[in-house]
Structures are given as C-alpha cells and as structure tokens.
Amino acid sequence: GDSVTQMEGPVTLSEEAFLTINCTYTATGYPSLFWYVQYPGEGLQLLLKATKADDKGSNKGFEATYRKETTSFHLEKGSVQVSDSAVYFCALSDGRAGNNRKLIWGLGTSLAVNP
Amino acid sequence: DVKVTQSSRYLVKRTGEKVFLECVQDMDHENMFWYRQDPGLGLRLIYFSYDVKMKEKGDIPEGYSVSREKKERFSLILESASTNQTSMYLCASKMGTANSPLHFGNGTRLTVT
C-alpha cells in the first residue's frame, strides 16, 4: 500500500541555519503531497502542498518540490528561526476517486531551533 | 478562517467509563476525521465521516464509535475507556474536493486511569 517515510528527529539547529527534512513516498497513481506543521500545544496546519510532478509548494520561507523520479518531497528552508520550532509531517493523498478523503502520514520530524 | 473546536483540552477519566469527545467545525465541511497522536506512532486515523450520519472506519477503530447527527458536529465515543486509550485526540475537517487541506482542532489530551 501507499506509504510515507520521513527522516527521524529530533533535528536541532541554530538560528539562521539551513533546514532539510527528507520525505520519500511510495504510491500507485499520481498522489498529491503535503507538509503539515504542528506548533507546541496546537493542532496541525497545512504548510504547503504540491499536486503534480515538478510542482513546488512554498509558504513562510519553506519550499518543497514534488520529484516523481526520486519519489521525494523534501522540505527546505534557507534560514530557520526560533519560531520554526515545531513538528513537521509529510503526507500524501492518492487522489483516486473515493480515496481522496484520507491522507497517508509520515511519523513526523521534530525541529528545535536554538537562538 | 476555519475554526475546528474540540470541547475539552484536557480530560481525565477512569477505566470503564463511557467518554464523549466533541468536535465542531464552522465552515460547512463535508468531511470530518478523528485521529489519535502518540509519540513514535504519528497520527493514526480512528474514524471519518463524509456526510451526516455516514461514517467509515479508519486504521484503528477498535474500542471507538462515532456519531454525526449534524454536519458541523462529529463526536468520538469510547464505550468503555481503557488505559491504552490514553492519548492525544485530534479532530479535523475538510471540504470534499481531493486536494483541499485538513483543518485541525487543538486536540484533547485524554488520560484514562
């Protein structure tokens, strides 16, 4: 079945460092891909998404490119801030009729940014 | 902004009690979901609903039931709470289109003693 694999955390960085969180997937068909973020004490919220190969999603300085050839959707940010400390989840939706309601989730990657 | 409200932030119940977790969304979303979140296990889908009175089992429905009598409200029921149901419970809603985002509540931390 479909699956999502994220790099394990925790990831600890200094402020202004470059961030990469790896995400790879297996899926049949043509999934849509998502990154969600969970700040301390809150529910998850959508950070960015990409719905087809070579699309780049971006938001709040974060970017991720849908790479079909490597089945990857790595999250990147050029300069992290303390306020980016959170748990990041990669997810896919396979988009087939009847299946678009459910997401397949990675286990989450915790990021801590130190001043 | 879409608002998904979970009735309790923290809840402590005893083993064997019947527990109700309530969730309300204010954006007329067709789909609603209940997840539990545990360290090292990520998010696991318990049940979801795609319309009033309609429900489907998720990946871990055992020990849970749900109710959706009105479009805006989705309730999770633990018929007889057990200690292994101690967890963070997250409710979410979304529109019916394929790539619409999930909107989450802030969660209910349930402890069963």
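Refer to the structure above for everything that follows.
Just so we're clear, the structure is a prediction, and the values are computed from it rather than from any experiment.

Calculation criteria
Residues numbered from 1 in each chain as written. Chains lettered and ligands numbered in written order. Predicted model: local features only at pLDDT ≥ 70, side-chain atom pairs only at ≥ 80, totals over all residues. Heavy atoms only, no water. Core = buried A, V, L, I, M, F, W, Y, C linked by side-chain atoms within 4.5 Å. Buried < 20%, exposed > 50% of the residue type's maximum accessible area, 1.4 Å probe, protein only. Helix = DSSP H or I, 4+ residues; strand = E, 2+ residues; numbered from the N terminus. Contact = heavy atoms within 4.5 Å. Buried area = accessible area lost by both parts, 1.4 Å probe. Salt bridge = Lys/Arg side-chain N within 4 Å of Asp/Glu carboxyl O. Polar contact = N/O pair within 3.5 Å; in protein donor to acceptor, adjacent residues only side chain to side chain. Pairing = 2+ DSSP bridges. Axes fitted to C-alpha atoms, helices over the stretch in contact; angles between N-to-C directions. 1 Å grid on protein atoms, 1.4 Å probe; cavity = no way out; pocket = protein on both sides within 12 Å on 5 of 7 lines; lining within 4 Å. Points joined across faces, edges and corners; volume = space filled by probe spheres on them. Nonpolar A, V, L, I, M, F, W, Y, C, P; charged D, E, K, R; others polar.

**Concerning the nonpolar core**
Next up, step 1: With 26 residues, the main nonpolar core has Leu19, Trp35, Leu47, Leu48, Phe73, Leu75 and Tyr88 of chain A as its most contacted residues.
Next up, step 2: Elements with a contribution of two residues or more to this core: strand S2 (11–14), strand S3 (19–21), strand S4 (23–26), strand S5 (32–38), strand S6 (44–50), strand S8 (62–65), strand S10 (86–93) and strand S12 (109–114) of chain A.
Next up, step 3: No other element matches the four residues that S10 of chain A contributes to this core.
Next up, step 4: In contact with Leu47 of chain A, other than residues within four places in its own chain, are Trp35, Tyr36, Val37, Asn59, Lys60, Phe62, Leu75 and Tyr88 of chain A.
Next up, step 5: By size, the runner-up hydrophobic cluster in this structure holds 20 residues, among which are Leu11, Leu21, Tyr47 and Leu78 of chain B.

**Thoughts on the interface of chain A and chain B**
Next up, step 1: Every contact between the two is made by 19 residues of chain A and, on the other side, 23 residues of chain B.
Next up, step 2: In total, chain A and chain B occlude about 1,700 Å² of area from one another, counting both sides; carbon and sulfur atoms represent 54% of this.
Next up, step 3: Where chain A touches chain B, the interface holds zero salt bridges.
Next up, step 4: Along the contact surface separating chain A from chain B lie five residue pairs in polar contact (both at pLDDT 80 or more).
Next up, step 5: Where the side of chain A that touches chain B is concerned, the elements lending two or more residues are S5, S6 and S10 of chain A.

**Remarks on the sheet that holds strand S7 (residues 56–59) of chain A**
Residue and element names in this part refer to chain A.
Next up, step 1: On the basis of which strands lie adjacent, the open sheet formed by four strands has the order S3-S9-S8-S7 and antiparallel pairing. Two strands close off the open sheet at either side, each with one partner strand: S3 and S7. Each strand of the sheet is rotated relative to its neighbour by a mean of 15 degrees, with strand direction disregarded.
Next up, step 2: One ladder, built from three bridges, connects S8 with strand S9 (residues 75–77); its direction is antiparallel. The residue of S9 that forms the bridge with Ala64 is Leu75.

**Some thoughts on the layout of surface pockets**
Next up, step 1: The computed volume of the largest pocket comes to approximately 550 Å³.
Next up, step 2: Per-class residue counts for the lining of the largest pocket are eleven nonpolar, twelve polar and five charged.

**Notes on the pattern of salt bridges**
Residues and elements named next belong to chain B.
Next up, step 1: Counted by the stated rule, this structure contains eight salt bridges over all chains.
Next up, step 2: When the shortest N-O distance is used, the salt bridge between Lys53 and Glu69 registers 2.4 Å. Of this pair, Lys53 sits in the loop between strand S6 (42–51) and strand S7 (54–57) while Glu69 sits in strand S8 (residues 64–70), and the two are 16 residues apart along the sequence.
Next up, step 3: Judged by its relative accessible area of 57%, Lys53 falls in the exposed class.
Next up, step 4: Taking the relative accessible area as the measure of exposure, Glu69 reaches 52% and is therefore exposed.
Next up, step 5: When salt bridges that share partners are traced, they join Arg36, Asp38 and Arg44 into one network.

**Re unusual backbone geometry**
It is generally the case that most residues other than glycine have a negative phi and that most peptide bonds are trans.
All names here are of chain A.
Next up, step 1: Here the amide bond leading from Gly9 into Pro10 is cis, since omega sits at 0 degrees, within 30 degrees of zero.
Next up, step 2: As for its position among the elements, Pro10 is in the loop between strand S1 (3–6) and S2.
Next up, step 3: A positive phi angle is found at Glu16, which is not glycine, with a value near 80 degrees.
Next up, step 4: Positionally, Glu16 belongs in the loop between S2 and S3.
Next up, step 5: Within the chain, Asp54 stands out as a residue other than glycine whose phi angle is a positive 75 degrees.
Next up, step 6: Note that Asp54 resides in the loop between S6 and S7.

**What to know about the pairing of S8 of chain B**
Residue and element names in this part refer to chain B.
Next up, step 1: In the sheet, S8 pairs with strand S9 (residues 73–78) via five bridges, with the strands oriented antiparallel. Paired with Ser65 across the strands is Ile77, a residue of S9.
Next up, step 2: Here S8 hands over to S9 after two residues, the two strands then running antiparallel side by side.

**Some details on the environment of Ser72 of chain A**
Residues and elements named next belong to chain A.
Next up, step 1: Counting through the fold element by element, Ser72 comes out in the loop between S8 and S9.
Next up, step 2: For Ser72, a relative accessible area of 4% translates into the label buried.
Next up, step 3: Separated by 46 residues in sequence, Ser72 and Thr26 have C-alpha atoms that sit 9.1 Å apart.
Next up, step 4: Dropping the residues within four chain positions of it, Ser72 is found in contact with Cys23, Thr24, Tyr25, Leu33, Thr65, Tyr66 and Arg67.
Next up, step 5: A distance of 2.8 Å separates the side chain of Ser72 from the side chain of Thr70, its partner in a polar contact.

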